[in-house]
Amino acid sequence: MRRFERMLADHAQDELSIIDIANALNVPLRTLQNTVRRELGVTPSERLHEVRLGLAQARLLAADPAVASVSDIAAGCGFVHLGRFAGSYHAAYGKYPSATLRR
């Protein structure tokens, strides 16, 4: 689990799949899925999404609203669909990413 969490922290913004993660950790996909579900109560994909949301929030809070854009930050955190990102962000933090950037 520590290696999994470390990999997510180090590579959340990268284009990676759960299969890529399992291969990099040298564990079978099913083992990764079962372990993450047992330890964290979510799937590996859900955990990756949570880590990416946290990274996006940190970057939005640190960004200068005069030069940064939500779409650039979202893309830099591994999100491809801006609308889905905004919806997930709102569900997680109770406000939209644009409101966090403007704070």
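Now for a quick tour of the structure.

Each value, and the rule that gives it
All chains use their own residue numbering, which begins from 1 and follows the written sequence. Only residues with pLDDT of at least 70 get local features here, since the model is predicted, and only at 80 or more are side-chain atom pairs given and counted; chain-wide, interface and lining totals rely on the full set of residues. Excluded from the side-chain calculation are hydrogens and water; included are all heavy atoms of the structure. Helical segments are the DSSP runs of H or I of at least four residues, strand segments are the runs of E of at least two, and each set is numbered from the N terminus. Per-residue accessibility, obtained with a 1.4 Å probe over protein chains only, is compared with the maximum for each type, and a residue is labelled buried under 20%, exposed over 50%, and partly exposed between these values. A pair of aromatic rings is counted whenever rings of Phe, Tyr or Trp (Trp by its six-membered ring) have centres within 6.5 Å, and the orientation is called stacked for planes under 30 degrees apart, edge-to-face for over 60 and tilted otherwise. The span one expects for a helix is its residue count, reduced by one, times 1.5 Å. The arc refers to the directions leading from the helix axis to the C-beta atoms. We define a nonpolar core as any set of buried Ala, Val, Leu, Ile, Met, Phe, Trp, Tyr and Cys residues linked to one another through side-chain atoms lying within 4.5 Å. Contact criterion: two residues are considered in contact whenever any of their non-hydrogen atoms come within 4.5 Å of each other.

Digging into the overall build of the protein
So, point 1. Along the protein, the regular secondary structure elements total seven helices and zero strands.
So, point 2. In the protein, the succession of α and β elements from N to C terminus is α-α-α-α-α-α-α.
So, point 3. Taking all 103 residues of the protein together, 31% fall into the buried category.

A few points about the packing of aromatic side chains
So, point 1. All chains considered together, the criterion is met by three aromatic pairs.
So, point 2. Ring geometry for F79 versus F85: centroids 4.7 Å apart, planes at 45°, classification tilted.
So, point 3. Ring centres of F85 and Y89 lie 5.8 Å apart, and the angle between their planes is 55°; this geometry places the pair in the tilted category. Of the two residues, F85 and Y89 are both situated in helix α6 (residues 82-93); the distance of four residues between them amounts to about one turn of the helix.
So, point 4. Of the residues examined, F85 reaches a relative accessible area of 1% and is grouped as buried.

Some words on α6
So, point 1. With 12 residues, α6 extends 16 Å from end C-alpha to end C-alpha; this agrees with the ideal 16 Å at 1.5 Å per step.
So, point 2. Within α6, the full set of buried residues consists of F85, A86 and Y89. Buried residues in α6, looked at end-on, bunch into an arc of 100°, giving them a common side. Away from the buried face of α6 by more than 90 degrees, exposed residues G83, R84 and A91 are located.
So, point 3. One or two steps after α6, the chain reaches G94, where phi turns positive at roughly 80°.

Things to note about the nonpolar core
So, point 1. F4, L8, I21, L25 and L32 are the most contacted members of the largest nonpolar core, which has 14 residues in total.
So, point 2. If you list the elements that add at least two residues to this core, you get α1 (2-11), α2 (18-25), α3 (29-40) and α4 (44-62).
So, point 3. The dominant element in this core, judged by the number of residues it contributes, is α2, at four residues.
So, point 4. The contacts of L25, once residues within four sequence positions are left out, are R3, F4, M7 and L32.
So, point 5. Listed in part, the 12 residues of the second largest apolar core include A56, C77, F79 and F85.

In short, geometric facts, not functional conclusions.
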